[in-house]
Amino acid sequence: MPRRSLLAIVVVRVALTVAVAFTIAAAWGYAGMRRSLVEDLDRGRWESEGVDAALDRARRQLAIVGVVATLAAVAGSWLLTRKALGSIVDVAAQARSVEGGTVGQRIRVETTVRESAELVRVLNDLLERLDRAFEWQRRLIADLGHDIRTPITVLRAGAEAALLRDRPAERYREVIAGSLEEIDRLALISDSLLLLARFEAGALDPVHEPVAVAPLLADVVARSTSAGGIVSLDVPAGFDGSAQPLLADSRMLGLAVEELLHNAIAHNPPGTPVAVTVRGEPDTVTFSVEDRGRGVDPAVLPRLFELGFRTDRARGRSGGAGLGLTVVAAVTAVHGGRVLAAAGPSGGLRVSLTLPRVPHENRPLKPSPAAQRAGLPIVTPAAALPS
Amino acid sequence: MRILVIEDDRKIALLLAEALGDVGHDVTVCLTGREGLAQALSRSFSLVLLDYMLPDVDGPGVVRAMRSAGLDLPILMVSARDAASDIADGLASGADDYLTKPFRLDDLFAKVGAWEATA
């Protein structure tokens, strides 16, 4: 579509309006004058030649006045509109000079035109939101880089140190076992990143299959404690023999529980166990993971599931880009479940993940990437769960 | 050379101690910033290997505390944070050098050797 100058559009429209209005007014005035003169002629006040000459004179004068008025309207509207639009031109020039990747840039145009001031405000609000998104992305990448570099450091330094000199076979076994733990750490990070990428793309579709809960949890706990964490696992006897098994994506569920355990172990005091419990209701199954750490400020609990969010207790620690609880929220959302974070009886953090035993046709909508960044819902719609 | 390693990742700390010990250094390991600061103030070391991210006081905080206490021993900051701003912050706090993870042991030995030569 061809684009035209706003200034040209306004000037042409004002001039046309003035010209049309003047023409109508002049035609109406001329008709009235002519009618009056004809009436006077009928009454014998005028000679017919005198009337024709007067009408010719009037037509010429009206035409000249019309042209002058239109030209004056063009000039006047051009001057006034150009002044009014000057601030928009300044805004456009400053907006063009905003550079990608540089935060803190704002448009500074002083204007008395209300619409221009509103435009400046809207653009600056947009720049502020972009700044926040850019900073969030930068921090997430830095934290992820840290999380990935740490296990690689252990792998490289471990292998190099082992090769510095001959060592007992037991020491080599320790190095290999330690390397496997670091590979598990890297696998957890890559699995979580892939899952979140699919979730953001709206392509995270769980496979609903009967889940053998006890073996699944035992496997996750064994993997999570290989680095030294202590976990107490409480699965009611005969849980997997119930008439209505849990239908869920066992791989996603395992990843979510592993992330919860990884997070809990990282914040648990050494030597104390992280508690993992599972409870079944007729229509739901609830998994809870509770640490005995120093808990989380209740004010930030609603933000725990945001991608990249890290609590004060996580800051300064090695590891933890803030992926884990977002993975948990994503897995819960695509299963139509709900996840709740709260203080546990010991003062630590307890995260409870409740899934329906049978998937629902009307699953909650997957949050858009923007909605996710703004804060994933802690609790998916209650309607998604059987009452 | 007596080296103090302050590193909260137990595996990395023990690997550093093992590797540096293998090449003849006397290594003490601390897993927190406060513990490392206490060690540095109570014993004599020739070099400190300091992680940037620690659970209590971060690396730059530990460096500033050491410098404020009058310790002028060389400090080599070792971190997985490799952004220019992190390196600048680390050096601005008073650290003498910066090594990013993952590193080759040969690179670490070269830096340690350089400090040993100037000692």
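Note: the structure precedes this text.
In what follows, the accompanying structure is described.

Calculation rules
Residues numbered from 1 in each chain as written. Chains lettered and ligands numbered in written order. Predicted model: local features only at pLDDT ≥ 70, side-chain atom pairs only at ≥ 80, totals over all residues. Heavy atoms only, no water. Helix = DSSP H or I, 4+ residues; strand = E, 2+ residues; numbered from the N terminus. Buried < 20%, exposed > 50% of the residue type's maximum accessible area, 1.4 Å probe, protein only. Areas by Shrake-Rupley, 256 points an atom, 1.4 Å probe, with all protein chains shown as cover. Contact = heavy atoms within 4.5 Å. Axes fitted to C-alpha atoms, helices over the stretch in contact; angles between N-to-C directions. Parallel < 35°, antiparallel > 145°, perpendicular 65-115°, else oblique. Left-handed = near helix turned anticlockwise from the far one by under 90°. Nonpolar A, V, L, I, M, F, W, Y, C, P; charged D, E, K, R; others polar. Core = buried A, V, L, I, M, F, W, Y, C linked by side-chain atoms within 4.5 Å. Pairing = 2+ DSSP bridges. Right-handed = clockwise from strand over helix to strand, strands pointing away. Buried area = accessible area lost by both parts, 1.4 Å probe. Salt bridge = Lys/Arg side-chain N within 4 Å of Asp/Glu carboxyl O. Polar contact = N/O pair within 3.5 Å; in protein donor to acceptor, adjacent residues only side chain to side chain.

Examining the overall build of chain B
Looking only at helices and strands, chain B features five helices and five strands. The 119 residues of chain B split such that 49% are buried. In the structure as shown, chain B presents an accessible area of about 4,900 Å², 50% of it carried by carbon and sulfur atoms.

A closer look at the overall build of chain A
Within chain A, the secondary structure is distributed over eight helices and seven strands. For chain A, long-range pairs separated by at least 24 residues make up 71% of all intrachain contacts whose partners lie at least 6 apart in sequence.

Structural notes on the packing of helix H4 (residues 169–200) of chain A against helix H7 (residues 324–334) of chain A
All names here are of chain A. Where H4 contacts H7, the axes come no closer than 10 Å and their chain directions differ by 50°. Between H4 and H7, the angle falls in the class oblique. Relative to H7, H4 is oriented so that their crossing is left-handed. Residues Ser192, Leu195, Leu196 and Phe199 of H4 touch H7, and the partners they reach there are Thr326, Val327, Ala330, Val331, Ala333 and Val334. When the residues that make up the contact of H4 with H7 are grouped by side-chain class, the tally is eight nonpolar, two polar and no charged.

Brief notes about the nonpolar core
In globular proteins that are soluble, nonpolar side chains generally tend to be buried together. Ranked by size, the top nonpolar core spans 54 residues in total, and within it A:Leu195, A:Leu246, A:Leu253, A:Phe287 and A:Leu304 carry the most contacts. Of all hydrophobic cores here, the second largest spans 22 residues; its members include B:Met1, B:Val5, B:Leu108 and B:Phe109.

Quick word on the side chain of B:Thr28
All names here are of chain B. Tracing the backbone shows Thr28 in strand E2 (residues 26–30). Its relative accessible area of 13% is what places Thr28 among the buried residues. Ignoring sequence-local partners within four residues, the contact set of Thr28 consists of Ile3, Leu4, Val5, Gln39, Arg43 and Phe45.

Comments concerning the pairing of strand E4 (residues 75–79) of chain B
All names here are of chain B. In terms of residue burial, E4 counts as a mostly covered element, since five of its five residues are buried. Here E4 shows no split at all, with Ile75, Met77 and Ser79 on one side and Leu76 and Val78 on the other all buried. Pairing between strand E3 (residues 47–51) and E4: four bridges, direction parallel. Counted as the bridge partner of Val48 is Ile75 from E4. Assessed by its sense of winding, the connection that carries the chain from E3 through helix H3 (residues 59–68) to E4 is right-handed. A crossover connection joins E4 to the parallel strand E5 (residues 97–100) through helix H4 (residues 84–92); in handedness this β-α-β unit is right-handed.

Description of the sheet that holds strand E7 (residues 349–356) of chain A
All names here are of chain A. What the five strands build is an open sheet, ordered E2-E4-E5-E7-E6; its pairing is mixed. Of all the strands in the sheet, the pair left with one neighbour each is strand E2 (231–234) and strand E6 (338–343). Put simply, the sheet's adjacent strands are angled 15° from each other on average, direction ignored. Of the strand pairs in this sheet, E6 and E7 are connected by six bridges, and their pairing is antiparallel. Within E7, the position partnered with Ala343 by the bridge is Leu349. Running over the sheet, helix H6 (residues 250–267) touches E2, strand E4 (274–280), strand E5 (284–290) and E7 and is turned about 170° from E7. Relative to the sheet, H7 contacts E6 and E7, its axis offset from that of E7 by approximately 20°.

Topic: the environment of A:Val12
Looking at where A:Val12 falls in the secondary structure, it is placed in helix H1 (residues 6–42). Spatially, the C-alpha atom of A:Val12 lies 8.8 Å from that of A:Ser77, the residues being 65 residues apart in sequence.

Quick notes on the pairing of E4(A)
Residues and elements named next belong to chain A. Both E2 and E4 contribute to a ladder of four bridges, which runs parallel. Along E4, the bridge assignment pairs Val231 with Val274. Note: E4 against E5, six bridges, orientation antiparallel. In the strand pairing of E5, Gly280 is matched with Val285. In this structure, the hairpin formed by E4 and E5 is closed by a connection of three residues.

Side note on the interface of chain A and chain B
Listed as interface residues are 25 residues of chain A and, on the opposing side, 23 residues of chain B. Buried area between chain A and chain B, both sides added, is near 2,200 Å², and the carbon and sulfur share of it is 55%. Taken as a group, A:Arg149, A:Thr153 and A:Arg156 account for 25% of the area that chain A buries against chain B, more than any other trio of residues on that side. Linking chain A with chain B are eight salt bridges, by the criterion used here. Where A:Glu181 meets B:Lys11, a salt bridge forms, and the shortest distance between an N and an O atom there is 2.5 Å. At the boundary of chain A with chain B, the tally comes to nine residue pairs in polar contact (both at pLDDT 80 or more).

Overview of the sheet that holds E3(B)
Residue and element names in this part refer to chain B. Across the sheet, which stays open at both edges, the five strands sit in the order E2-E1-E3-E4-E5 with parallel pairing between neighbours. Taken across any chain shown, the strands that pair with only one partner, and hence form the sheet edges, are E2 and E5. Along the sheet, successive strands turn relative to each other by an average axial angle of 20°, direction set aside. Its contacts with the sheet place H3 against strand E1 (2–6), E3 and E4, and it is angled at close to 170° to E4. Docked against the sheet, H4 engages E4 and E5, running at close to 145° with respect to E5.

Just geometry here; none of it tells us what the structure is for.
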